[in-house]
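A look at the structure
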Amino acid sequence: NAGVMQNPRHLVRRRGQEARLRCSPMKGHSHVYWYRQLPEEGLKFMVYLQKENIIDESGMPKERFSAEFPKEGPSILRIQQVVRGDSAAYFCASSPAEAGISGANVLTFGAGSRLTVL
Amino acid sequence: GDSVTQMEGPVTLSEEAFLTINCTYTATGYPSLFWYVQYPGEGLQLLLKATKADDKGSNKGFEATYRKETTSFHLEKGSVQVSDSAVYFCALSVDNNNDMRFGAGTRLTVKP
C-alpha cells in the first residue's frame, strides 16, 4: 500500500519560472494538506483540499500560489513567477477524513518536494 | 488562533541521557495532540498522539502526557540513542478545524 507520493523530489527553477508540485494521497484518502518548511523553520500550513474543493487556504500567500485537487489525478501546488524566497521543502499530507475527529485520523506525510530557486 | 509553542533547539545530548522537549498549546476547542518526527531527508512520521486530558501517548520509548491544566504535551525519553537524532514537531488538531498546526520543531542531536 503506497504511502503519500510526492514528485518531483527535487525541483530547480530560475526566478520568474513556474513550479508545479504533485501529490498523490494514500489510497482511500480523500483529504490533502500542503505545508511549507522554510530552511531551519517549522512547518507552516498552506492549504487543505478535498476532491474538487478548497476547504481552507488561510495559509496560502495571496499571490502566485494556487492549489487544486481534481476529481481525477493528484493534487497540484502551483507557484507562478517563483522568487528566491520560495525555496523551501513543500510537504503534502493526506487523511481519510477530517483530521482531529475523535483523534482517530492523523496525517500521513509524503517525503516532500524540495524547491530551489536560482 | 490555535497554536503550538515548542522548546527551541537545537538540543544536543549524549547517548543514554534523559530527554525532555517542552510543548505548550493554545486552542479554542478541545484538541488532539501529536508528536511527529522528521529524520534527515525524509517526511514527517507520527511518533505518538493523545486525544484527551491525562492520556499518555507512547512509542519507541518516547512518552508524552496530555496535561489540560498546564496546556502542555512534553515529550520525554529516558535514554536516548544516536538513532533518535532528528527534528521533533509538536502538533495539534481541533475537532472543528481540518488542518493540523505544528510547532517550529526541535532538532535533537545525540552523540555517542
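Here the structure is a predicted model, which means the values were calculated and not measured.

One pass over the full model with this rule turns up twelve aromatic pairs over all chains. On the numbers, 4.7 Å between centres and 10° between planes, the contact of Y33(A) with Y48(A) is stacked. Here Y33(A), found in strand β4 (residues 31-37), pairs with Y48(A), found in strand β5 (residues 43-50); they are 15 residues apart in sequence, far enough to count as distant. Side by side, Y33(A) and Y48(A) carry an identical accessibility label, which is buried. Centroid distance Y30(B) to Y66(B): 6.1 Å. Interplanar angle 90°. Geometry classified as edge-to-face.

To continue, consider the environment of A89(A). Residues and elements named next belong to chain A. As for its placement among the helices and strands, A89 is situated in strand β9 (residues 88-95). Each C-alpha atom of the pair A89 and H10 lies 9.0 Å from the other, and the pair is 79 residues apart in sequence. In this view, A89 contacts Y35, R36, Q37, S113 and R114; residues no more than four positions away in its chain are not counted.

For the rest of this paragraph, the subject is the environment of T20(B). Residues and elements named next belong to chain B. Within the secondary structure, T20 sits in strand β3 (residues 19-21). T20 sits in the partly exposed class, given a relative accessible area of 28%. For the pair T20 and E63, spaced 43 residues apart in the sequence, the C-alpha separation amounts to 9.7 Å.

With that out of the way, let us pick up the confidence of the model for chain A. Low-pLDDT portions of the prediction should not be read for the details of their coordinates. Mean pLDDT for chain A: 88, with 90% of residues reaching 70 or above. Here residues 100-104 of chain A scores under 50 on pLDDT; set against residues more than four positions off or in separate chains, the count is eleven contacts.

Residue and element names in this part refer to chain A. Here the structure, examined in full by the defined rule, presents two disulfides over all chains. Sulfur-sulfur distance for the disulfide between C23 and C92 comes to 1.8 Å. With the S-S bond torsion at -60°, the cross-link from C23 to C92 turns out left-handed. Separated by 69 residues along the polypeptide, C23 in strand β3 (residues 19-24) and C92 in strand β9 bring together distant segments of the chain. With a relative accessible area of 0%, C92 lands in the buried category.

All right, on to the pairing of strand β11 (residues 113-117) of chain A then. All names here are of chain A. Here β11 shows a buried face lined by S113, L115 and V117 and an unburied face lined by R114 and T116. One ladder, built from four bridges, connects strand β2 (residues 10-13) with β11; its direction is parallel. If you follow H10 over to β11, its bridge partner there is R114. Here three bridges tie β9 to β11, and the two strands are oriented antiparallel to one another. Each residue of the ladder has a partner; that of A88, found in β11, is L115.

The rules behind these values
Residues numbered from 1 in each chain as written. Chains lettered and ligands numbered in written order. Predicted model: local features only at pLDDT ≥ 70, side-chain atom pairs only at ≥ 80, totals over all residues. Heavy atoms only, no water. Phe/Tyr/Trp six-rings, centres within 6.5 Å; stacked < 30°, edge-to-face > 60°. Helix = DSSP H or I, 4+ residues; strand = E, 2+ residues; numbered from the N terminus. Buried < 20%, exposed > 50% of the residue type's maximum accessible area, 1.4 Å probe, protein only. Contact = heavy atoms within 4.5 Å. pLDDT = per-residue confidence, 0-100. Disulfide = S-S within 2.5 Å. Pairing = 2+ DSSP bridges.

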